[in-house]
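Descriptive structure summary
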Amino acid sequence: MAKIFGNEIKTNNIGIEVISADPLILNNRIDKNYTDGIITKVYEGLRCDGRIKSNQTISGNKENGIHCTGARNFTRIESNTFIGYNKKAGIKADNEARIVIINKNVISKNLG
């Protein structure tokens, strides 16, 4: 399992892009990216099982804080300190994504 841990990820086109993978995204600041802060997606029907956990901030992104798309997308979003001030949704799930959102995520002040 890949780990993305303890980073400041900002002013990118996409902060983090997960394609049919299972990384642990933990304890990061993911702010002010030009589209989504994090996008998880399914490629050619292969599962996506990312874990987005205990991040300090996912905020100020020009589109969604977290965007999960595709059938067989089982991303888990848990215990994130603040998901807010994103121009669209804090968390967006579409195209049959089956995500799980648990354990006290603070999701507020998103504009979408």
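On a predicted model such as this, the values are computed, not experimentally measured, just so you know.

Procedures and definitions
Residues numbered from 1 in each chain as written. Predicted model: local features only at pLDDT ≥ 70, side-chain atom pairs only at ≥ 80, totals over all residues. Heavy atoms only, no water. Helix = DSSP H or I, 4+ residues; strand = E, 2+ residues; numbered from the N terminus. Buried < 20%, exposed > 50% of the residue type's maximum accessible area, 1.4 Å probe, protein only. Contact = heavy atoms within 4.5 Å. Areas by Shrake-Rupley, 256 points an atom, 1.4 Å probe, with all protein chains shown as cover. Lys, Arg positive; Asp, Glu negative; His and termini not counted. Charge placed at Lys NZ, Arg CZ, Asp CG, Glu CD. Salt bridge = Lys/Arg side-chain N within 4 Å of Asp/Glu carboxyl O. Pairing = 2+ DSSP bridges.

To continue, consider the overall build of the protein chain. Check the secondary structure of the protein chain and you find 0 helices and 14 strands. On the principal axes, the C-alpha backbone points of the protein chain span a range of 30 × 30 × 25 Å. Relative to its full complement of 112 residues, the protein chain shows a buried share of 41%. A separation of at least 24 residues holds for 64% of the contacts in the protein chain among residues at least 6 apart in sequence. Only carbon and sulfur atoms are counted for the fraction: they give 49% of the accessible area of the protein chain, which is about 5,900 Å². Mean positive and mean negative side-chain charge positions of the protein chain (17 and 11 charges, respectively) differ by 7 Å.

This brings us to the pattern of salt bridges. Summed over all chains, the structure comprises 6 salt bridges. Where K10 meets E8, a salt bridge forms, and the shortest distance between an N and an O atom there is 3.2 Å. Judged by relative accessible area, K10 falls into the partly exposed class, the value being 42%. Taking relative accessible area as the criterion, E8 reaches 54% and is therefore assigned exposed.

What follows concerns the pairing of strand 6 (residues 38-41). Judged from the 4 bridges that link them, strand 3 (residues 16-19) and strand 6 form a sheet pairing that is parallel. Across the sheet, residue E17 finds its bridge partner in strand 6, namely I39.

Right, let's talk about the sheet that holds strand 5 (residues 29-31) for a bit. Note on sheets: strands pair through backbone hydrogen bonds, and any given pair is parallel or antiparallel. In spatial order, the strands read 2-5-8-11-14; together these 5 strands make up an open sheet with parallel pairing. Both outer strands of the open sheet, strand 2 (8-10) and strand 14 (107-108), are each paired with one neighbouring strand and no more. Relative to strand 8 (residues 57-59), strand 5 runs parallel, the two being bridged by 3 bridges. Bridging across to strand 8, D31 finds its partner in S59.

What is shown is where atoms sit, not what they do.
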